[in-house]
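The residues making up each chain are set out below.
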Amino acid sequence: MPLLSQSSYQRPKWLFNGHLETIYPALFRQVYVPIPTRERVETTDEDFLDIDWYRSGSSRLVIISHGLEGNSSRPYILGMVKEFLKYGFDVLAWNYRGCGEELNRKPIFYHSGATYDLDQVVKHAAPAYEEIFLVGFSLGGNLTLKYLGEIKNTLPKIKKAVAISVPLDLGKSCEKISSGQNLIYSKRFLQTLVKKVERKADLFPDEFSLEKLKKVKTLRDFDDIFTGPLHGFSDAEEYYQVNSSLQFLDKIEVPSFILNAQNDPFLSETCFPEKLAQKLDLVHFEFPKHGGHVGFTSPSKEKSYYSEARAVEFITHDL
């Protein structure tokens, strides 16, 4: 059953559209978890990644990857941390380059296909654990799925993975988030991305040209002028084509679960590949009518968010 025909998710009645479902938890959700232990991991190219550890002495570890312009302390990350701690897992939530409290050292950022950093985090943590599970949100979901498609079954400690609100098709999803009512999201992302370029320009004026920055009006412009060229791609189009996880799904050899809401304002129609889903044995899909982007709010404050409950259910049992 790679494609679930029905979903049991029921949104709260007062979150009556995808925008409210997306915005409310991002702005108003509060999650309380133990204070993590922060560790700085030096990368092979002399940069660094800041990771947060939540240890309980388990032999099982969940590694959580955040979304675009997120970090390890966002409510959706902490909600997932809390859920897995409740079930006795150790948890590691990591920050992409430039997403922690300090800018990274190199004239690059993070991006949707930068699996080399996820690989470094996995291999850094792996010696202390018998089993590893991956959870990714949005951009982090794309990163997770692409990574699994690349490594196939070469890292046997990785047992399962969950990807939530995933832009499986980066190019089409960029068009979706930059259109109509969804412009509010792309503009917000652009604001923080532009600020990072401005800060980087003091250190790397050639790579982070403020003159080029003046040409950026949309997320695609940003990827065309900065994200793509900074990371070895000719432009935004090549960047999207090479890194979209949609093309890696049939290469994944680890049981994986994708949860995408049909009313997600970030996701294009191509992020709901029903025909492909019916052909895959190891990649499971669930497409609820509601949920928004990284939403899936619970109708009750006492209950876990649907995405968190489903992640634990998939990782600890079967769907």
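Up top is the structure these notes are about.
As the structure is a computational prediction, the values presented were derived from the model and not from experiment.

(A) Up close: the overall build of the protein chain. Counting its regular elements, the protein chain contains 11 helices and 8 strands. Per-residue burial for the protein chain yields a buried fraction of 57% across its 319 residues. Looking at the protein chain alone, contacts between residues at least 24 apart form 76% of all its contacts between residues at least 6 apart. For the protein chain, the accessible surface area stands at approximately 14,500 Å², while carbon and sulfur atoms represent 52% of it. Of the charged side chains in the protein chain, 39 are positive and 42 negative, and the gap between their average positions amounts to 4 Å.

(B) Geometry of a nonpolar patch on the surface. On the surface, a nonpolar cluster with roughly 280 Å² of combined accessible area is contributed by Ile23, Leu27 and Phe28. With respect to the helices and strands, Phe28 occurs in helix α1 (residues 18-28).

(C) The environment of Leu139, seen in detail. Inspection of the secondary structure assignment puts Leu139 in helix α4 (residues 139-151). Through-space distance from the C-alpha of Leu139 to that of Leu259 is 13 Å; in sequence the pair is 120 residues apart. Discounting residues that sit within four places of it in the chain, Leu139 has contacts with His66, Gly67, Leu68, Tyr96, Tyr110, His111, Ser112 and Pro167.

(D) Seen up close, the pattern of salt bridges. Evaluation of the coordinates by the stated rule reveals 19 salt bridges. Here Arg105 makes a salt bridge to Glu42, at a shortest N to O gap of 2.7 Å. Separated by 63 residues along the polypeptide, Arg105 in the loop between β4 (90-94) and α3 (115-125) and Glu42 in strand β1 (residues 37-42) bring together distant segments of the chain. The partly exposed category is assigned to Glu42, whose relative accessible area is 43%. Taken together, the shared-partner salt bridges in this structure form one network comprising Arg38, Arg40, Asp50, Asp52 and Glu102.

(E) Highlighting the packing of aromatic side chains. Scanning the entire structure with this criterion turns up 22 aromatic pairs. Note on Phe208 and Phe226: the rings are 6.5 Å apart at their centroids and 15° apart in plane angle, and the pair reads as stacked. You can see Phe208 sitting in the loop between α6 (183-201) and α7 (210-213) and its partner Phe226 sitting in helix α8 (residues 219-230), a full 18 residues away along the chain. In this structure Phe226 comes out as buried when scored by relative accessible area, which is 0%. Ring-pair connections join several aromatic residues into one group, and the members of that group are Phe109, Phe204, Phe208, Phe222 and Phe226. Stacked on the ring of Tyr305, the Lys or Arg Arg29 has its end atom at 3.5 Å from the ring centre. A cation sits over an aromatic face here: Lys160 above Phe314, 5.0 Å from the ring centre.

(F) Main features of helix α5 (residues 170-177). Along α5, the residues that are buried comprise Leu170, Gly171, Ser173, Cys174 and Ile177. Along the axis of α5, the buried positions cluster into a sector of 165°, meaning they face one direction only. Tucked into the core, α5 has its buried residues touching α4, α6, α8 and α9 (236-243). Two to three positions downstream of the cap, the backbone nitrogen of Gly171 sits 3.4 Å from a side-chain oxygen, assigning the N-cap of α5 to Asp169.

(G) Spatial organisation of the packing of helix α2 (residues 75-86) against helix α11 (residues 306-316). At a minimum axis separation of 9 Å, α2 and α11 run at an interaxial angle of 45°. Put simply, α2 runs oblique to α11. For α2 against α11, the interelement crossing comes out right-handed. For the pair formed by α2 and α11, the contact residues are Tyr76, Gly79, Met80, Glu83 and Phe84 on the first element and Ser307, Glu308, Ala309, Ala311, Val312 and Ile315 on the second. Tallied by class, residues from the contact of α2 with α11 come to 7 nonpolar, 2 polar and 2 charged.

Definitions and limits used
- Residues numbered from 1 in each chain as written.
- Predicted model: local features only at pLDDT ≥ 70, side-chain atom pairs only at ≥ 80, totals over all residues.
- Heavy atoms only, no water.
- Helix = DSSP H or I, 4+ residues; strand = E, 2+ residues; numbered from the N terminus.
- Buried < 20%, exposed > 50% of the residue type's maximum accessible area, 1.4 Å probe, protein only.
- Contact = heavy atoms within 4.5 Å.
- Areas by Shrake-Rupley, 256 points an atom, 1.4 Å probe, with all protein chains shown as cover.
- Lys, Arg positive; Asp, Glu negative; His and termini not counted.
- Charge placed at Lys NZ, Arg CZ, Asp CG, Glu CD.
- Patch = residues over 30% accessible without salt bridge, like charges linked within 9 Å, V, L, I, M, F, W, Y side chains within 5 Å.
- Salt bridge = Lys/Arg side-chain N within 4 Å of Asp/Glu carboxyl O.
- Phe/Tyr/Trp six-rings, centres within 6.5 Å; stacked < 30°, edge-to-face > 60°.
- Lys NZ or Arg CZ within 6 Å of the ring centre and 35° of its normal.
- Arc of directions from axis to C-beta.
- Polar contact = N/O pair within 3.5 Å; in protein donor to acceptor, adjacent residues only side chain to side chain.
- Axes fitted to C-alpha atoms, helices over the stretch in contact; angles between N-to-C directions.
- Parallel < 35°, antiparallel > 145°, perpendicular 65-115°, else oblique.
- Left-handed = near helix turned anticlockwise from the far one by under 90°.
- Nonpolar A, V, L, I, M, F, W, Y, C, P; charged D, E, K, R; others polar.

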